[in-house]
Amino acid sequence: MTTIEEAAAKIAAAGPCAPRLARDPVNQAMVNNWVEAIGDTNPVYTDSSFAGSSVHNGLVAPPAMAQVWTMPGLRGVRAENDPMGAILAVLDEAGYPSIVATNCEQTYHRYLRAGERVAVTTELADVTGPKRTALGDGWFLTTRMHWTVDGEPVADMLFRVLKFRPLAAEPPAPVLRPVISRDTEFFWAGLREGELRIQRWGDTLRHPPGPMPPDGELDATPDYVVASGRGTVHSYVVHHHPPVPGKRLPFVVALVELEEGVRVVAELLDAAPDEVRIGLPVVAAFVRVDDELTLPAWRVAR
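Residues numbered from 1 in each chain as written. Predicted model: local features only at pLDDT ≥ 70, side-chain atom pairs only at ≥ 80, totals over all residues. Heavy atoms only, no water.

**A few points about unusual backbone geometry**
Put simply, the rule reads: Strands here mean DSSP runs of E at least two residues long; helices mean DSSP runs of H or I at least four residues long; both are numbered from the N terminus. Burial status follows relative accessibility: with a 1.4 Å probe on protein chains alone, a residue under 20% of its type maximum counts as buried, one over 50% as exposed, and anything between as partly exposed.
The step from Gly129 to Pro130 runs through a cis peptide bond, and the omega angle for that step is -5 degrees. Relative to the assigned elements, Pro130 resides in strand E3 (residues 119-132). In this structure, Pro242 follows His241 across a cis peptide bond, with omega equal to 5 degrees. The residue Pro242 is located in the loop between strand E9 (230-239) and strand E10 (251-258) in this model. Here the phi dihedral of Asn57 falls at roughly 55 degrees; this positive angle occurs in a residue that is not glycine. Within the fold, Asn57 resides in the loop between helix H3 (48-52) and helix H4 (66-69). Positive phi outside glycine occurs at Asp150, with the angle close to 55 degrees. Examined against the element boundaries, Asp150 turns out to sit in the loop between strand E4 (136-149) and strand E5 (152-166). Accessibility expressed as a relative area gives 81% for Asp150, which makes it exposed.

**Re the packing of helix H1 (residues 3-13) against helix H5 (residues 83-93)**
Quick reminder of the rule: Between N-to-C directions, angles span 0 to 180 degrees; the directions come from axes that are lines fitted to C-alpha atoms, helices contributing only their stretch in contact. Oblique is the label for any angle not under 35 degrees, not over 145, and not in the 65 to 115 range, which are roughly parallel, roughly antiparallel and roughly perpendicular in turn. Two residues qualify as a contact provided that any one of their heavy atoms is within 4.5 Å of a heavy atom in the partner residue. For this classification, the nonpolar set comprises Ala, Val, Leu, Ile, Met, Phe, Trp, Tyr, Cys and Pro, the charged set comprises Asp, Glu, Lys and Arg, and every other residue, Gly included, is treated as polar.
Here H1 crosses H5 at 170 degrees, and the two axes come no closer than 10 Å. As judged from the angle between their axes, H1 and H5 are roughly antiparallel. Where H1 approaches H5, its residues Ile4, Ala7, Ala8 and Ile11 are matched on the opposing element by Pro83, Ala86, Ile87, Val90 and Leu91. Class assignment for the residues of the contact of H1 with H5 results in nine nonpolar, no polar and no charged.

Next up, the structure:
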């Protein structure tokens, strides 16, 4: 028996952890958000009149939300006796740092209703490995979660993850390279020449460029104009996460409205996030990556 198997056997023998009470009771606001995100239109979850006339005699929560009620939140910390946390720590130390969920099986005993406070216990059911997978060598971990309300069972779940050591990969490229097509090649060629080229169909300018005329005139032939490069910030975002190859976080991405009337997205190079505002005047810049690729960017018009 390996060290990992010995640790797993000890954790499994300890049985389930102490019940952990949900942070909040079952509530209608969370149900509304969940069904909207999932696309579940069953009226017994949101329509009190319909639910009242159904076999449920009132609103109920979707059974598949069982785990939602006891999620610890972004700053939640696992209990010291949590078996999932314990076995993950063992595998981290053994050199298996990555994790991916593989499957789960849920069993529902009854519906939950607003106001009920759910508790959950977790136990380690099985550890299998090492296994060779497409992601790398790893161990499959299966936990069993059990939800109750005042001791009454409401749901169970077998949850399996793969804790693995990633296969060696080639280092990422210094930048994310764009896909250049026949319809966009003129734009990228212009950047290499220090020109901001905007596609034109007759009298109509369009960006991003496309293969078909915007007015449906199929016999039209596209060409381009060279923009002045001057414009103002129409909108912007500050990118904090996730990491981007070749970029130091945070950085600003601005949607700029050019003098020609079209809008172009690119990084704003020389302004801190708190210095950017809507309407800020900018000019085009050109960031040369290599002989084949130059990226568009903006600088503040000083």
